[in-house]
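These are the residues of each chain, in order.
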Amino acid sequence: MINSLRGMNDILSEDYERFTYFINTATDIAQKYGYHFIETPLLEETALFKRSVGESSDIVGKEMYQFIDKGENDVCLRPEGTAGVVRAFVQKKLDKAGGIHRFFYHGSMFRYERPQKGRLRQFHQFGVESFGVDSVYEDAAMIMMVSDILKALGIAYRLQLNSLGDSNCMPQYRDSLVSFIEKCEDDICEDCVRRKATNPIRVLDCKNGTCQVIYKEAPKLINHLCSACEDDFEKLKKILDDNEIAYEIDTNLVRGLDYYSKTAFEFVSDNIGSQSAIAGGGRYDRLVEFLDGRPTPAVGFAMGIERLMELIKMPEVKRDGYYLGAMDEEAIDLVVSLTHKKRKSDKATCDYKAKNLKSHLKGADKVNARFCCVIGTNEMQNDTIWVKDLENKTESTMFLKNF
Ligand code: HAM
């Protein structure tokens, strides 16, 4: 038997209902915020992710599904959605057009991680990206949108917030962090020694317990922000306070991708185990430029759909539509035609075998139909159909012309 690859799941039946319920709810809310759908390819040039997510990140350094295609191109399956959307934004010359452009997307992402509960190699994200707004109100609107989506799905969360500074204040902070790391270099893990050379601030979210204890004493970026970044961060906190969105400041929240500046945030759940991040995002004002576009401020987030599916409170599913069945062989053709006709206005399914009433009632229950409709010899002779309303528990026989 051939099974699916490790960390890659099928989505069907009840899971698929949760999946589509999530997509529909999130789409509805993103559209209310003025976002438009964008679809980008699953496969992109590897260079796109090296230049955006960053070569020092685990995602690019260790987790890419990367290969040389038949045309000798170095390509990879997208590990995340932002880079592709920025590439499309620049390729379509929207950076040159100016103005505000807001997109949402959903689809598969691929990371060659060690699979465990909540951590897959193929997973799905719902994300949004906004281009052309440098105001911190847009950062707040992003956070409000995630909060609205989670509330609509009945999901409790904690919001963690940080500012990563900008090209003004970050380099100075980086220097003071590097001096700190140099003093404790013998005690930190190998990955952190490597990070010191490639992207020192990434040491702050190292998962190694010893490192975490050491970095408690590290200088905090939040205390080194320039006045513009500090003002924006204060403003963001005030907007969230005004809108009753609770948050925690997490000075070690640096995110696993290199493109962020200023606002960084993560939504976590305490109800799904160790892989607790259900959404993450932030501002990335330099990325359009890094990908050869005209400098354009941008901010966005993505939510992990599989993690959210564990938490969604589904609305009660009501009985819906018609189930039709024949009690005699001769009635099967009529049942099939009636079902076909009914589908023009309603959901309708039928059984292709003649069965007794009890079996048909079971069949109707299985597909959660509201009406079980049955035709036997008697009904055939009288041009009628027997109908049971499974919600109100009423039965009637009606003429076919009225059905
Ligand atoms: P990210 O934090 O890497 O951000 O991923 C966003 C979400 O995807 C995570 O919070 C998590 O719920 C989910 N996720 C990540 N990896 C896995 C996995 N292996 N299995 C299951 N779920 C996973 C980004 O991808 C950025 N592009 C977000 C963004 C958009 N920033 C700005 N715009």
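This structure is a prediction, so every number in the text was calculated from the model and none was measured.

Right, let's talk about the overall build of the chain for a bit. Scanning the chain from terminus to terminus reveals 15 helices and 16 strands. Rg of the C-alpha trace for the chain: 27 Å, well past the compact-globule value of 22 Å for 403 residues, more than 25% over. For the chain, the spread of C-alpha atoms along the three principal axes comes to 90 × 50 × 45 Å. Taking the intrachain contacts of the chain between residues at least 6 apart in sequence as the baseline, contacts between residues at least 24 apart amount to 69%. By element, 49% of the accessible surface of the chain is carried by carbon and sulfur atoms, the whole surface being about 20500 Å². Here the chain contributes 55 positively and 63 negatively charged side chains, and the mean placements of these two sets differ by 3 Å.

Right, let's talk about helix α14 (residues 357-366) for a bit. Three or more residues of α14 are buried, namely His360, Gly363 and Ala364. Along the axis of α14, the buried residues cluster in a sector spanning 100°; they form a single face. Exposed residues on α14 whose side chains face more than 90 degrees from its buried face are Lys358, Lys362 and Lys366. Where α14 is buried, its residues meet β12 (322-326), β13 (348-354) and β14 (371-375). Positive phi appears at Asn368, one or two residues downstream of α14, with a value of about 60°.

A few words now on the domain arrangement of the chain. Domain boundaries in the chain define domain 1 (13-169 + 225-311) and domain 2 (322-402). Between domain 1 and domain 2, the C-alpha centre-to-centre distance is 49 Å.

What the three strands build is an open sheet, ordered β2-β4-β3; its pairing is antiparallel. On the outer flanks of this sheet lie β2 (43-45) and β3 (65-68), each paired with one strand and no other. Here the strands of the sheet are splayed against their neighbours by 35° on average, with no regard to which way each runs. Bridge count between β2 and strand β4 (residues 74-77): three bridges; the pairing is antiparallel. Bridging from a neighbouring strand, Leu43 pairs with Leu77 of β4. Sitting on the sheet, helix α2 (residues 46-54) is in contact with β2, β3 and β4, with an inclination near 75° to β2.

In the neighbourhood of the ligand, 25 residues make up the surrounding shell, with Glu80, Thr82, Glu113, Glu129 and Tyr260 lying closest. In the model, a nitrogen atom of the ligand is placed 2.9 Å from a nitrogen or oxygen of the Tyr259 side chain. Between Gly304 and the ligand, the recorded distance is 3.3 Å, taken from a backbone N or O atom to an oxygen atom. The fraction of the free accessible surface of the ligand (660 Å²) that becomes covered by protein chains is 96%. At the level of secondary structure, the elements contributing two or more residues to the shell around the ligand comprise β6 (122-131), β10 (277-283) and β11 (298-304). Looking at the shell around the ligand, the element that brings in the most residues is β10, giving five residues. Considering only residue class, the shell around the ligand consists of 11 nonpolar, seven polar and seven charged.

Judged by nonpolar contacts, the single largest core of 95 residues is most densely connected at Phe22, Ile149 and Tyr215. Discounting residues that sit within four places of it in the chain, Phe22 has contacts with Phe126, Ile149, Leu153, Met303, Ile305, Leu308 and Ile312. With 16 residues, the next largest nonpolar core counts Ala348, Ile375, Val387 and Phe403 among its residues.

Our next topic: the packing of aromatic side chains. Aromatic ring pairs: the centre-centre distance and the angle between the two ring planes describe each pair. Within the structure shown, the criterion is met by 15 aromatic pairs. Residues Tyr65 and Phe110 carry aromatic rings whose centres are separated by 6.2 Å and whose planes lie at 75° to one another, so their mutual orientation is edge-to-face. With Tyr65 in strand β3 and Phe110 in strand β5 (residues 101-110), this pair connects stretches of sequence that are 45 residues apart. An identical accessibility class is assigned to Tyr65 and Phe110; each is buried. Every member of this aromatic cluster is reached through a ring pair, and the members are Phe89, Phe103, Phe131, Tyr259, Tyr260 and Tyr284. Between the NZ or CZ atom of Lys342 and the centre of the ring of Tyr322, over which it lies, the distance is 4.5 Å.

All right, on to unusual backbone geometry then. The backbone of Asn368 sits at a positive phi, close to 60°, despite the residue not being glycine. Along the chain, Asn368 falls in the loop between α14 and β14. Accessibility expressed as a relative area gives 26% for Asn368, which makes it partly exposed. Within the chain, Asp383 stands out as a residue other than glycine whose phi angle is a positive 55°. Looking at the secondary structure, you find Asp383 in the loop between α15 (377-382) and β15 (384-389). Residue classification places Asp383 among the partly exposed positions, given a relative accessible area of 49%.

A few words on the sheet that holds strand β16 (residues 394-399). Strand order across the open sheet formed by five strands is β13-β12-β14-β15-β16, with mixed pairing between neighbours. A strand with exactly one partner marks an edge of an open sheet, and here the two such strands are β13 and β16. Averaged over all pairs of adjacent strands, the angle between strand axes in this sheet comes to 20°, irrespective of strand direction. Direction of pairing for β15 relative to β16: antiparallel, over a ladder of six bridges. Counterpart to Ile385 in the pairing with β16 is Met398.

Pairing of β3 with β4 involves four bridges; the strand directions are antiparallel. Opposite Ile68, over in β4, you have Asp74 as the bridge partner. Hairpin connection from β3 to β4: five residues lie between these consecutive antiparallel strands, with Glu72 at a positive phi of about 70°.

Rules used throughout
- Residues numbered from 1 in each chain as written.
- Predicted model: local features only at pLDDT ≥ 70, side-chain atom pairs only at ≥ 80, totals over all residues.
- Heavy atoms only, no water.
- Helix = DSSP H or I, 4+ residues; strand = E, 2+ residues; numbered from the N terminus.
- Rg over C-alpha atoms; globule rule 2.2 N^0.38 Å.
- Contact = heavy atoms within 4.5 Å.
- Areas by Shrake-Rupley, 256 points an atom, 1.4 Å probe, with all protein chains shown as cover.
- Lys, Arg positive; Asp, Glu negative; His and termini not counted.
- Charge placed at Lys NZ, Arg CZ, Asp CG, Glu CD.
- Buried < 20%, exposed > 50% of the residue type's maximum accessible area, 1.4 Å probe, protein only.
- Arc of directions from axis to C-beta.
- Domains from an automatic or database assignment.
- Pairing = 2+ DSSP bridges.
- Axes fitted to C-alpha atoms, helices over the stretch in contact; angles between N-to-C directions.
- Near = heavy atom within 4 Å.
- Polar contact = N/O pair within 3.5 Å; in protein donor to acceptor, adjacent residues only side chain to side chain.
- Nonpolar A, V, L, I, M, F, W, Y, C, P; charged D, E, K, R; others polar.
- Core = buried A, V, L, I, M, F, W, Y, C linked by side-chain atoms within 4.5 Å.
- Phe/Tyr/Trp six-rings, centres within 6.5 Å; stacked < 30°, edge-to-face > 60°.
- Lys NZ or Arg CZ within 6 Å of the ring centre and 35° of its normal.

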